[in-house]
Amino acid sequence: VIDGGAFVWPIIHDITPVSMNSLQLAVTRERDEALITKDRLRVDVDAEFYVRVAQTRESVSLAASTLGRRTLEPERIHSLLSGKLVSALRNVASKMSMEEMHGDRNDYVARVLEMAQEGLDKNGLELESVAITEIDQTDIEFFSPSNRFDAEGLTQVIETIEGRRKLRHDIEQAATIQIRARNLEAEKEALDRERQLAEARLAQEREHAFPPRHQRPQLARG
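### Structural notes on the overall build of the protein
So, point 1. A tally of regular secondary structure across the protein gives 5 helices and 4 strands.
So, point 2. What you see in the protein, going N to C, is helices and strands ordered as β-β-β-α-α-α-α-β-α.
So, point 3. The buried share of the protein, reckoned over its 222 residues, is 25%.
So, point 4. Expressed as a percentage of contacts within the protein between residues at least 6 apart in sequence, the contacts between residues at least 24 apart total 69%.
So, point 5. For the protein, the exposed surface amounts to about 15700 Å²; the carbon and sulfur share of it is 51%.

### Considering unusual backbone geometry
So, point 1. Of note in the backbone geometry, R31 takes a positive phi value of approximately 55° without being a glycine.
So, point 2. The backbone of R40 shows a phi angle near 65°, a positive value even though the residue is not glycine.
So, point 3. Structurally, the position occupied by R40 is in the loop between β2 (35-36) and β3 (42-53).
So, point 4. Residue R40 is classed as partly exposed on the basis of its relative accessible area of 26%.

### Some thoughts on the side chain of T37
So, point 1. Within the fold, T37 resides in the loop between β2 and β3.
So, point 2. Judged by its relative accessible area of 1%, T37 falls in the buried class.
So, point 3. Here D39 takes part through its side chain, which lies 2.3 Å from a polar atom of the side chain of T37.
So, point 4. Those residues in contact with T37 that sit more than four places away from it in its chain are V43, A93, S94, M96, S97, M98 and M101.

### Side note on helix α2 (residues 74-93)
So, point 1. With 20 residues, α2 extends 26 Å from end C-alpha to end C-alpha; this agrees with the ideal 28 Å at 1.5 Å per step.
So, point 2. Taking the largest bend as the criterion, α2 deviates by roughly 45°, centred on L81.
So, point 3. Against β1 (23-29), β2, β3, α3 (98-103), α4 (105-120) and β4 (125-137) lie the buried residues of α2.

### Regarding the nonpolar core
So, point 1. Counting 38 residues, the largest nonpolar core has L25, F49, L89, M101, Y108, V112 and I132 as the members making the most contacts within it.
So, point 2. Here this core gets 8 residues from one element, more than from any other, and that element is α2.
So, point 3. If we ignore the near neighbours within four places in the chain, the residues touching Y108 are L35, L89, V92, A93, M96, M101, I132 and I135.

### Thoughts on the confidence of the model for the protein
Low pLDDT marks regions whose predicted coordinates should not be analysed in detail.
So, point 1. Put simply, the protein has an average pLDDT of 81, and 86% of its residues get 70 or more.
So, point 2. Element-level pLDDT for the protein is lowest in helix α5 (residues 148-209), with a mean of 79, against a maximum mean of 90 in β3.

### Focus on the environment of V92
So, point 1. Structurally, V92 can be placed in helix α2.
So, point 2. Remark: the alpha-carbon pair of V92 and V112, spanning 20 residues in sequence, is separated by 6.2 Å.
So, point 3. Residues contacting V92, with those up to four places away along its chain left out, are Y108, R111, V112 and M115.

### Considering the pattern of salt bridges
So, point 1. Taken as a whole, this structure holds 6 salt bridges when the rule is applied.
So, point 2. Between K38 and E100 there is a salt bridge, with its nearest N and O atoms 3.9 Å apart. With K38 in the loop between β2 and β3 and E100 in helix α3, this residue pair connects regions lying 62 residues apart in the sequence.
So, point 3. Here D107 ties to R111 by a salt bridge, and the two come within 3.3 Å at their closest N and O atoms. With a gap of 4 residues between them, D107 and R111 both fall in helix α4, about one helical turn apart.
So, point 4. Sharing partners across several salt bridges, the network here consists of R52, E126 and E128.

### A word on the packing of α2 against α4
So, point 1. Look at α2 against α4: their axes get within 9 Å of each other, and the N-to-C directions meet at 140°. The angle between the axes of α2 and α4 places the two elements in the oblique class. For the crossing formed where α2 meets α4, the hand is right-handed. Within the contact between the two elements, α2 uses L81, K84, L85, A88, L89, N91, V92 and A93 and α4 uses Y108, R111, V112, M115, A116, G119 and L120.

What counts and what doesn't
- Residues numbered from 1 in each chain as written.
- Predicted model: local features only at pLDDT ≥ 70, side-chain atom pairs only at ≥ 80, totals over all residues.
- Heavy atoms only, no water.
- Helix = DSSP H or I, 4+ residues; strand = E, 2+ residues; numbered from the N terminus.
- Buried < 20%, exposed > 50% of the residue type's maximum accessible area, 1.4 Å probe, protein only.
- Contact = heavy atoms within 4.5 Å.
- Areas by Shrake-Rupley, 256 points an atom, 1.4 Å probe, with all protein chains shown as cover.
- Polar contact = N/O pair within 3.5 Å; in protein donor to acceptor, adjacent residues only side chain to side chain.
- Expected span 1.5 Å × (residues − 1).
- Bend = angle between axes of the 7 residues up to and from the residue.
- Core = buried A, V, L, I, M, F, W, Y, C linked by side-chain atoms within 4.5 Å.
- pLDDT = per-residue confidence, 0-100.
- Salt bridge = Lys/Arg side-chain N within 4 Å of Asp/Glu carboxyl O.
- Axes fitted to C-alpha atoms, helices over the stretch in contact; angles between N-to-C directions.
- Parallel < 35°, antiparallel > 145°, perpendicular 65-115°, else oblique.
- Left-handed = near helix turned anticlockwise from the far one by under 90°.

Written as structure tokens, this is what we have:
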């Protein structure tokens with residue numbers, strides 16, 4: 001019964017209330033439970049799923065038979081569905097690189113929504129929306145060197161970090177050399193100016209000490 005009312009006969013009929021409200025189900029995968037991407041990296045993900053019983057008689061019937069009164073208890077629904085939601089997050093992440101997940105988060109969300117919905121149909125539920133609130137690389141201390149996937153990802157992370165460090169070092173060295181060159185050029189210009197001033201002062205002193213012939217005083221002759 002979705003709208004209106006119905007006659008209920010004891011013994012003949014059984015009543016199972018089903019909540020039609022939206023439920024917010026938060027899922028976090030991080031550290032040693034982080035998702036593994038297509039490029040063998042680990043990513044921490046925080047996601048929020050909004051689900052509800054679909055507004056059809058068939059869906060309500062499915063929800064009543066498979067979930068029952070648990071639709072009235074979000075905690076129990078979360079424990080029941082979290083495996084399906086985590087599976088959707090994990091499966092989609094395995095088909096995308098970390099850069100793709102970061103760069104096109106909407107595509108990741110759309111894929112997760114589509115995959116998660118397949119698992120919810122059996123319970124008469126529909127996934128209204130998915131919100132990915134956080135995507136970040138897992139700290140390398142949670143990569144296990146004994147795990148083949150983690151070993152590949154760890155190698156990539158270290159190579160990237162070392163490459164970036166070397167690039168930053170080269171840039172800093174180049175900047176230092178440029179600064180030193182500019183300072184040396186500035187010192188040279190300052191010395192040139194001082195030399196020019198000194199030469200100008202010396203020329204002026206010489207002019208005062210030895211004025212031109214027409215400016216020299218004439219001696220009287222007897």
